[in-house]
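# Architecture at a glance
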Amino acid sequence: MTSREQHTSMANAIRSLAMDAVEKAKSGHPGLPMGAADIATVLFADVLKYDATAPDWPDRDRFVLSAGHGSMLLYALLHLVGSPSMTLDEIKRFRQLGSLTPGHPEYGHTPGVEMTTGPLGQGIATAVGMAIAERLLAAEFGAEIVDHRTYVLASDGDLMEGVSQEAIALAGHLGLSRLVVLFDDNGISIDGPLSLADSVDQVKRFEAAGWRAERIDGHDPEAIAAALARAKASDRPSLIACKTVIGYGAPNRAGTSKAHGEPLGADELAGAKARLNLSPEPFSVPQDVVSQWRGAGVRGAGERARWDARLAALPQAARAEFLRRIAGDLPVALGDAVAALKQRLAKEPQTVATRKASELVLEAITPVIPELVLGSADLTPSNNTKTKNLQVVQRGSVAGRYIHYGIREHGMAAAMNGMALHGGVIPAGATFMVFTDYCRPAIRLAALMGIRVVYVMTHDSIGLGEDGPTHQPVEHLAALRAIPNLAVFRPADPVETAECWQLALENRNGPSLLALTRQNLVPFRTDAETGNRCAAGAYEIRPAAGRADVSLFASGSEVEIALAAQAVLAGRGIATRVVSVPCMERLAALPAADRAAIVGDARVKVAIEAGIRMGWDAVIGSDGVFVGMSGFGASAPYKELYARFGITAEAVVEAVTARL
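Figured I'd write up the structure that's included with this text. Quick caveat: nothing in here was measured; it's all calculated off a predicted structure.

### Considering the sheet that holds strand β11 (residues 454–458)
Across the sheet, six strands lie side by side as β9-β8-β10-β11-β13-β12; this open sheet has parallel pairing. With partners counted over all chains shown, the strands left at the sheet margins are β9 (402–404) and β12 (487–489), one partner each. Taken pair by pair, the neighbouring strands of this sheet meet at an average axis angle of 20°, ignoring direction. Where β11 meets strand β13 (residues 512–515), four bridges bridge the pair, whose relative direction is parallel. Bridge pairing in β13 places V454 opposite S512.

### Side note on the packing of aromatic side chains
Scanning the model with the defined rule gives ten aromatic pairs in all. Ring geometry for F44 against Y50: centres 5.5 Å apart, planes inclined by 65°, an arrangement best described as edge-to-face. For the pair F44 and Y50, one class covers both residues: buried. Note on W57 and W307: the rings are 6.4 Å apart at their centroids and 70° apart in plane angle, and the pair reads as edge-to-face. On the criterion of sequence distance, the pair formed by W57 in the loop between α2 (31–47) and β1 (62–65) and W307 in helix α12 (residues 301–313) is long-range, its members being 250 residues apart. Given a relative accessible area of 3%, W57 falls into the buried group. Aromatic rings pair up to connect W57, F141, W307 and F322 into one cluster. Above the face of the F645 ring, R644 is positioned so that its terminal group lies 5.1 Å from the ring centre.

### Comments concerning helix α20 (residues 494–506)
Since one α-helical turn is 3.6 residues long, residues separated by three or four positions face the same way. The end-to-end C-alpha distance of α20, which contains 13 residues, comes to 18 Å, matching closely the 18 Å that a straight helix rising 1.5 Å per residue would cover. The buried fraction of α20 amounts to twelve of the 13 residues, a majority that puts the element mostly inside the structure. For α20, the complete set of buried residues consists of P494, V495, E496, T497, A498, E499, C500, W501, Q502, L503, A504 and L505. With a side-chain oxygen lying 3.2 Å from the backbone nitrogen of V495, the N-terminal cap of α20 falls on D493.

Basis of the calculations
Residues numbered from 1 in each chain as written. Predicted model: local features only at pLDDT ≥ 70, side-chain atom pairs only at ≥ 80, totals over all residues. Heavy atoms only, no water. Pairing = 2+ DSSP bridges. Helix = DSSP H or I, 4+ residues; strand = E, 2+ residues; numbered from the N terminus. Axes fitted to C-alpha atoms, helices over the stretch in contact; angles between N-to-C directions. Phe/Tyr/Trp six-rings, centres within 6.5 Å; stacked < 30°, edge-to-face > 60°. Buried < 20%, exposed > 50% of the residue type's maximum accessible area, 1.4 Å probe, protein only. Lys NZ or Arg CZ within 6 Å of the ring centre and 35° of its normal. Expected span 1.5 Å × (residues − 1). Polar contact = N/O pair within 3.5 Å; in protein donor to acceptor, adjacent residues only side chain to side chain.

The following block contains the structure:
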């Protein structure tokens, strides 16, 4: 264990680098790194299982800085423990363009950063998913290969955000004993004392959710180490509320909101360094302290080497399967399973809702892709996400592939991010499409991090009918398509649903969302093609008789309306083609010539979708015709609603003839 004297000098090195980096950048948050330095020092020097030279070691402990505004704490740690890319020059470039030290930690940008944090609450909620993934893989591959913990440093703000309640309730319910939250309990927020806005007893709150919880002095290294030892021995997730002083060491700003989110200023910084017996020279750390930290950084090298040996000793098939999962490679059998299903659907077309078609796909693929872990936010019978072969994940029996998230859409989406970030698992979770509003913060982070998560969103339009406008998505497709790097799939029949599922699983550089219907749809793909036509994002499904005067573009449930309109127009001698558009993002990503060939040059272009127009002008142009929604829906049987809002073949025909 680190001695008290060594601990103090190591913790003060974090404080020194954080103060200097924020001062040089003239921007940032020095208070948290200064206040939480003792917590971080005990964790990284004596407890955390990691090897600074191998930040991607699969069996490392995970550390999530949920309070992402305190990013200099993490950057200082990465530099001090010897992370190869985190040089002192990078510390000096804090918050500068192109640096590895952005204002908030960014996954995939800075080695050693486990997730992108900044939106408060997301870190602790995502960490729940990491802890779930660890247990799932340990149940399958054994403790010799998967045996690590997830640690979170959370702020008052993290615990005030509503998503934290969803997260801690789920973690407590599942008994995720390898999850430890270190609460930087400094009693200060941006506006001033925390008492201005909050009086929750966090220890009692976590205990009520099934956690082990305690309070300690966050500046006492022995107390921190002892609490962490108790947490490791617990059969429940643990909260350690560490009472700290924000801006610890600052002569005037310590313990005040002025230490939170702005540089200390030259005089205050000099006073802090004097109080902490630090060199006044910027970015100066004594060599003996650097050596102590570098020793801590390689403390886990021996354990990693022993893990490598255990992995090498596994039977070849088990070792290959584990490495495939961690690498994120899909099994070859997935493509065969999708192809076989498409063959069957071509021979035996089914008029079903695409949510039911999705269930047919899952029945075909879950046996061959064991890393796919499904779940629902208390809508399993409606989302059709649980197949007969999936065992439920529950307390005391984590070996399973189906999670009942409860009515916790926000927490579900964040937990799925954690599972994807952990590796070895592909999470897919479901709710009603309208509740993507609750999931959106986590969806946006998944897109920003570029991780493979699949959202199964059913009841995707006014087609859900009688539940009415509170549950009928109108603006949601457009809002989701506006998120960069999110692939939104809206299949129109069972074959398209199979192809979209395949594309979603193959998309390893970002999340995917499947928008699925409640109402039954007539299948139009009755061919047995081996290729994936949805891969282009759009494709012609019915050509015109001769040169087209009209192009009808539609997605999902409105494709059958486009086909019906084409038949009427053809009877009137109007040459019309129909294009299915299951994924606008994939269409937009095509080379310009390929995209132009799909869109075509018909005089009249019409888009048909039971949502708002926003986004469709990229296909039909600003002068194109749109048949869809312009306001909220209503409560009625879905066929009456389509007629009421003019989303019918007759309305399309009328709009086309008026334009011609």
